[in-house]
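Each chain, letter by letter, is given below.
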Amino acid sequence: MRLPRRASLVSARRGLLPVALTLSALVALTGCTAATTAVVSVPAPTDVSQLTDDDGYIPEGTSLTLDSDLPAIQRLDPQLLEALRAADRTAVDEHGTTITIVDGWRSLRYQEYLFEQAVQKYGSEHEAERWVKRGADSAHVSGHAVDIGTADAMDFLSRFGSEWGICQIYANEAWHFELATTPGGECPQLLADGRG
């Protein structure tokens, strides 16, 4: 018996619906998996010689002034950089201290390298997290943190940084500062370390 034309079309559509839904689900899952893999997979350098200015790398024993044109300074959050420059003018004029940076903005791969180095140094990921944040969790990667180069500048910012909204964040890192309050506001209570 032959089905009327309309009935055969409905029957054909019903047979295609499960196939279409299955294909849509596979495409969606494949797309999500590929995107997740691309975000998570960042090859960390295995040696410091693989880091460059474009990673925000500042060689040990050196520091940068806030007018540097290198990425470690230029890729900082503009508000943080502006606040640091204003604080630096006062530090120089009133205290004879220049604010220099030993770490500013860092690439994700540089941050991963630092975390791996901390794991080797401290013996576990748990202990390393006290000193170095993982990848994108670091405020350095987003350009929202700096490490100050001299004890005089650290002391200046610890005492007066809140005038520009600049605050020390961790009790175990006297060198690490972020824009953490409004200018003239009160800095938040220090966190014990990178784990909080």
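For the structure itself, look to the data block above.
Residues numbered from 1 in each chain as written. Predicted model: local features only at pLDDT ≥ 70, side-chain atom pairs only at ≥ 80, totals over all residues. Heavy atoms only, no water.

Enquirer: Got a sec to walk through the overall build of the protein? Specific residues and values, please.
Expert: Looking only at helices and strands, the protein features 6 helices and 5 strands. Put simply, the protein runs from its N terminus to its C terminus through helices and strands in the order α-β-α-α-β-α-α-β-α-β-β. Counting across all 196 residues of the protein, residues that qualify as buried make up 36%. Carbon and sulfur atoms form 55% of the exposed surface of the protein, whose accessible area is close to 11,700 Å². (Helix = DSSP H or I, 4+ residues; strand = E, 2+ residues; numbered from the N terminus. Buried < 20%, exposed > 50% of the residue type's maximum accessible area, 1.4 Å probe, protein only. Areas by Shrake-Rupley, 256 points an atom, 1.4 Å probe, with all protein chains shown as cover.)

Enquirer: Give me the pairing of strand 5 (residues 176–179): which residues, what numbers.
Expert: A regular strand places its side chains so that they alternate between the two faces of the sheet. As paired strands, strand 3 (residues 145–148) and strand 5 are joined by 3 bridges and run antiparallel to one another. Among the inter-strand pairings, Ala-145 is bridged to a residue of strand 5, identified as Glu-178. One ladder, built from 3 bridges, connects strand 4 (residues 166–168) with strand 5; its direction is antiparallel. The residue of strand 5 that forms the bridge with Ile-166 is Leu-179. (Pairing = 2+ DSSP bridges.)

Enquirer: Lay out the pattern of salt bridges in plain terms, naming residues and giving numbers.
Expert: Any two side chains of opposite charge can pair if their charged atoms end up close together. Enumeration according to the criterion identifies 9 salt bridges in this entry. A salt bridge links Asp-147 to Arg-106; the nearest nitrogen and oxygen atoms lie 3.4 Å apart. Taken together, the residues span a long stretch of sequence, with Asp-147 in strand 3 and Arg-106 in the loop between strand 2 (100–103) and helix 4 (108–122) at a distance of 41 residues. Note on accessibility: Asp-147 and Arg-106 belong to one class, buried. Residue Arg-130 is joined to Asp-193 by a salt bridge in which the shortest nitrogen-to-oxygen separation is 3.0 Å. Residue Arg-130 is located in the loop between helix 5 (125–128) and strand 3, and its partner Asp-193 is located in the segment after strand 5; the two are separated by 63 residues in the primary sequence. Exposure remark for Arg-130: the relative accessible area of 22% places this residue in the partly exposed category. Where salt bridges share partners, they join Asp-103, Arg-106 and Asp-147 into one cluster. (Salt bridge = Lys/Arg side-chain N within 4 Å of Asp/Glu carboxyl O.)

Scope: geometric values only; no functional claims are made or implied.
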